[in-house]
Structures are given as C-alpha cells and as structure tokens.
Amino acid sequence: SVLYEAKEGYALVTLNRPDKLNSFTAEMHGRLAEALDRVQDEGQRALVLTGAGRGFCAGQDLGDRSFPTGEVPDLGATLDKSYNPLVRKIRALELPVICAVNGVAAGAGANVALACDIVLAARSAKFIQAFAKIGLVPDSGGTWSLPRLIGEARAKALAMTAQPLSAEQAADWGLIWQAVDDDELMPQAEALAAQFAAAPTKGLALTKQAIQAAATNDMDAQLDLERDLQRQAGRTRDYREGVAAFLEKRPPAFEGR
Ligand code: LHQ
C-alpha cells in the first residue's frame, strides 16, 4: 500500500491504493511510518511524498468505518494511534519533505500534505476539507495549519463548506508553494529533491525547526532560538565548505552535516 524508492540522495514514497484514491487504512499507516523511518535511517537528504493513480489521498478509508453493530467508534484513538504520529513524524524529519500532490487531496489526505515542508500540486489537483460532509472536525493538524497559512476567514469557510479548492487558488492563497502543469509535477518535485540531496542538510533541518517553532514563540524567544540554532549551524562542515567554496569561487560540495 506504500511504495519506497531510494533515489540518489533522496527517497520517493508513494501512497499506493489507487482504486480507493489512496485513502488510509491502518495497514497503510504502518507502512508509511516504516517508510518515513527508513528515509532518516538510510541518511537520505530529502523525501518526496506522492500518490499513485489519479488521486493523492482521500483521507481515512471510510470503507472500514461502517457501523453495523451500532457501536460508537473512538476516532480520538485512531488519531492518537495513526494520524497524529504521522504528522509529528513529518514535522520532525531532519530533512526537507516535499509533497507532490498529484490529484485530489481530501480530509486527512489534504492535511497530511499541508504538514509537509514544501507542497507542489498538479494543476488538476484539488484540496478538500471533506470532514464537514460527514460531521467531523478537520484533523491531522488542519485546524492549526489552515488558519496560519491562509487566515481564519478562509480557513473557516473551507472547513465548514468542504468546498474544493483548486491547486491554483491554493497557491495564490499561500496554502501551498506552487501549482504546476500535471506532466511537470514529478519532474519538478524530483528536481527539487535532487537539489536538496546536494544541499547543506543540517542547516536545512535547523531552518525547518526554527520556522516551525515560530508558530508558538514570541519574537524574543525566537531570537534566542535563532542564536542557538545558528551556533549549531556554524559548527557544521557544510558551513565551512560553503564559505570556502564562496571564497574560492567554486561550487560547494556539501556533505549534509
Ligand atoms: C474511498 C474514499 C475514502 C474509501 C474515495 N474511503 N473509499 C480520521 C480519523 C478517523 C476516522 C475518520 O476520519 C479521519 C479523517 C478523515 O480523513 S475524514 C475524511 C474522509 N474522507 C472523505 O470524506 C473523502 C471521501 N471521498 C470523496 O469525497 C471523493 O471520493 C473525492 C472528492 C475525494 C473524489 O471524488 P471522485 O473523483 O468523484 O472519486 P470517487 O468518489 O468516485 O472515488 C473513487 C473510488 O475511491 C470510489 O470507489 P469505487 O469502488 O466506487 O470506485 C470511492 O468509493 C473510493 N474512495 N475516497 N475516503
């Protein structure tokens, strides 16, 4: 249900249940968690997450969510077990996570995409906060990331109407990085990953950490954090190499540490 390909310096992870628009099952959550661990363990320097077929991910598989015996499900337990660890893992990965949204991203599928560092979407893709249609609350970080990325007015309207948002509009609003032509999506996502595979990975990981922390820090705390992280960055081999390469007027050869 999840494909893993090790490329040169980066990994390509593909959600792979195309006939159900790659909606999440418990099994798929397990496979995806393994794939994300592997990316870090193998020392990859970037990750591209995408979906097989015409959709990116339609959120929770609702097929195993019928209630024949009338039991009351504990969706909080599902979030604790699967979705929240996934979002936390993406945010904690010490490398750039690129999401290549190849088609519809609905419900938790949309919000997992938004948890990634850089989101590229095919022009034909749509983002749908589908939760309202079935009486649920946006999850997987959606109520946190939507208002921060596009403001409360747009966040509430998207979440309450479940109206599809085009890739183009998502990019215009600042919800994602870029909308690109469909046939350019994977070439561009992989070119970006290849660029990151030759980048100062440690510095990028510290940058990710700093920007994420800004959501909850005041400026004073953030200045202190920048000082601490810059101290770490200044001790990396890549910093020395970057400066040396600049002074010697040659391209840098970064090792990622
Ligand atoms: C699906 C699904 C799907 C199963 C398409 N499940 N089969 C967290 C914690 C715990 C529990 C609950 O939820 C959550 C978070 C959530 O993610 S809640 C939100 C769940 N997602 C949705 O409500 C979206 C449901 N899907 C749709 O509204 C549509 O499928 C969209 C708008 C995504 C795409 O529409 P179409 O392009 O018209 O495709 P389709 O509807 O024909 O879907 C194609 C197939 O995929 C179809 O199967 P079939 O066997 O009939 O060909 C769908 O049943 C299946 N599919 N989403 N979530």
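Since the structure is predicted, the reported quantities are computational estimates derived from the model, not experimental observations.

Calculation criteria
Residues numbered from 1 in each chain as written. Predicted model: local features only at pLDDT ≥ 70, side-chain atom pairs only at ≥ 80, totals over all residues. Core = buried A, V, L, I, M, F, W, Y, C linked by C-beta atoms within 7 Å. Buried ≥ 20, exposed ≤ 12 C-beta atoms within 10 Å, placed from the backbone. Helix = DSSP H or I, 4+ residues; strand = E, 2+ residues; numbered from the N terminus. Domains from an automatic or database assignment. Contact = placed C-beta atoms within 7 Å. Axes fitted to C-alpha atoms, helices over the stretch in contact; angles between N-to-C directions. Parallel < 35°, antiparallel > 145°, perpendicular 65-115°, else oblique. Nonpolar A, V, L, I, M, F, W, Y, C, P; charged D, E, K, R; others polar. Near = placed C-beta within 6 Å. Expected span 1.5 Å × (residues − 1). Arc of directions from axis to C-beta. Left-handed = near helix turned anticlockwise from the far one by under 90°. Pairing = 2+ DSSP bridges.

Q: What's the story with the nonpolar core in this structure? I'm lost.
A: Taken as a class, soluble globular proteins show a tendency for nonpolar side chains to be buried jointly. Within the largest apolar cluster, 69 residues are counted, with the highest numbers of intra-cluster contacts made by Leu47, Ile98, Val101, Ala105, Ala113 and Ala121. At six residues, helix α7 (residues 185–197) tops the list of elements feeding residues into this core. Residues from two domains meet in this core; each of domain 1 (2–197) and domain 2 (201–247) gives at least three. Setting aside anything within four residues of it in sequence, one finds Ala113 in contact with Phe56, Cys99, Val101, Ala105 and Val119.

Q: Quick question: what am I supposed to make of the packing of helix α8 (residues 201–213) against helix α9 (residues 219–233) here?
A: Any two packed helices are characterised by how steeply their axes cross, that is the angle between the axes, and by the distance between the axes. At a minimum axis separation of 10 Å, α8 and α9 run at an interaxial angle of 170°. Our classification of the angle between α8 and α9 gives roughly antiparallel. Contact residues: α8 offers Lys202, Gly203, Leu206, Gln209, Ala210 and Ala213, while α9 offers Gln222, Leu225, Glu226, Leu229, Gln232 and Ala233. In terms of residue class, the contact of α8 with α9 is built from six nonpolar, four polar and two charged.

Q: Quick question: what am I supposed to make of the site of the ligand here?
A: As a structural note, the neighbourhood of the ligand is formed by 24 residues, with Ala58, Gly59, Gln60, Gly107 and Ala108 the closest of them. It is helix α2 (residues 75–92) that contributes the most residues to the shell around the ligand, four residues altogether. When the residues that make up the shell around the ligand are grouped by side-chain class, the tally is 14 nonpolar, six polar and four charged.

Q: Explain helix α1 (residues 26–41) here, please?
A: Residue pairs spaced three or four apart in an α-helix point in one direction, given the helix's 3.6 residues per turn. Here α1 spans 23 Å end to end across 16 residues, near enough to the 22 Å set by a 1.5 Å rise per residue. If you check which residues of α1 are buried, you get Met28, Leu32, Ala35, Leu36 and Val39. For α1, the angular spread of buried residues about the axis comes to 95°, placing them on one side. For α1, exposure combined with an orientation more than 90 degrees from the buried face picks out Ala26, Glu27, Glu34, Asp37 and Asp41. Lining the buried residues of α1 we find β1 (2–6), β2 (11–15), β3 (47–51) and α2. Just past α1, the residue Gly43 takes up positive phi, approximately 75°.

Q: Would you mind going over the packing of α1 against α2 with me for this structure?
A: Orientation of α1 relative to α2, taken along the N-to-C sense of each, is 20°, at an axis distance of 10 Å. Viewed along their axes, α1 and α2 adopt a mutual orientation that is roughly parallel. Crossing handedness for the pair α1 and α2: left-handed. Of the residues in α2, those in contact with Ala26, His29, Leu32, Ala33 and Leu36 of α1 are Ser82, Pro85, Leu86 and Lys89.

Q: Please explain the domain arrangement of the chain as it appears in this structure.
A: Accessible area lost upon the coming together of the parts serves often as the stated size of an interface. Each assigned domain of the chain is listed here: domain 1 (2–197) and domain 2 (201–247). Placing the centre of domain 1 and that of domain 2 at their C-alpha centroids yields a distance of 27 Å. Of the residues lining the interface, eight residues belong to domain 1; the matching set on domain 2 comes to six residues.

Q: Which parts of the structure should I look at to understand unusual backbone geometry?
A: Trans peptide bonds make up most of the peptide bonds, and negative phi angles are found at most residues other than glycine. Positive phi values are uncommon outside glycine, yet Leu21 reaches one of about 50°. Along the chain, the position of Leu21 falls in the loop between β2 and α1. For Leu21, a count of 22 C-beta atoms within 10 Å translates into the label buried. Although it is not a glycine, Ser140 sits at a positive phi angle of roughly 55°. Tracing the backbone through its elements, the reader meets Ser140 in the loop between β8 (126–128) and α4 (142–150).

Q: Looking at this structure, I do not really get the sheet that holds β3. What am I missing?
A: Within a sheet, each strand pairs with its neighbour through backbone hydrogen bonds, oriented either parallel or antiparallel. With mixed pairing, six strands are arranged side by side in an open sheet as β1-β2-β3-β5-β7-β10. Of all the strands in the sheet, just β1 and β10 (178–180) have a single pairing partner and so form its edges. Taking the axes of each pair of neighbouring strands and ignoring which way they run, one obtains an average angle of 20° across the sheet. Bridge analysis of strand β7 (residues 118–122) against β10 gives three bridges, and the strand direction is parallel. Along β10, the bridge assignment pairs Leu120 with Gln178. Each of β1, β2 and β3 touches α1; the most contacted strand, β1, lies at about 15° to it. Each of β3, β5 (97–101), β7 and β10 is contacted by α7, which is oriented at about 175° to β5, the strand it contacts most.

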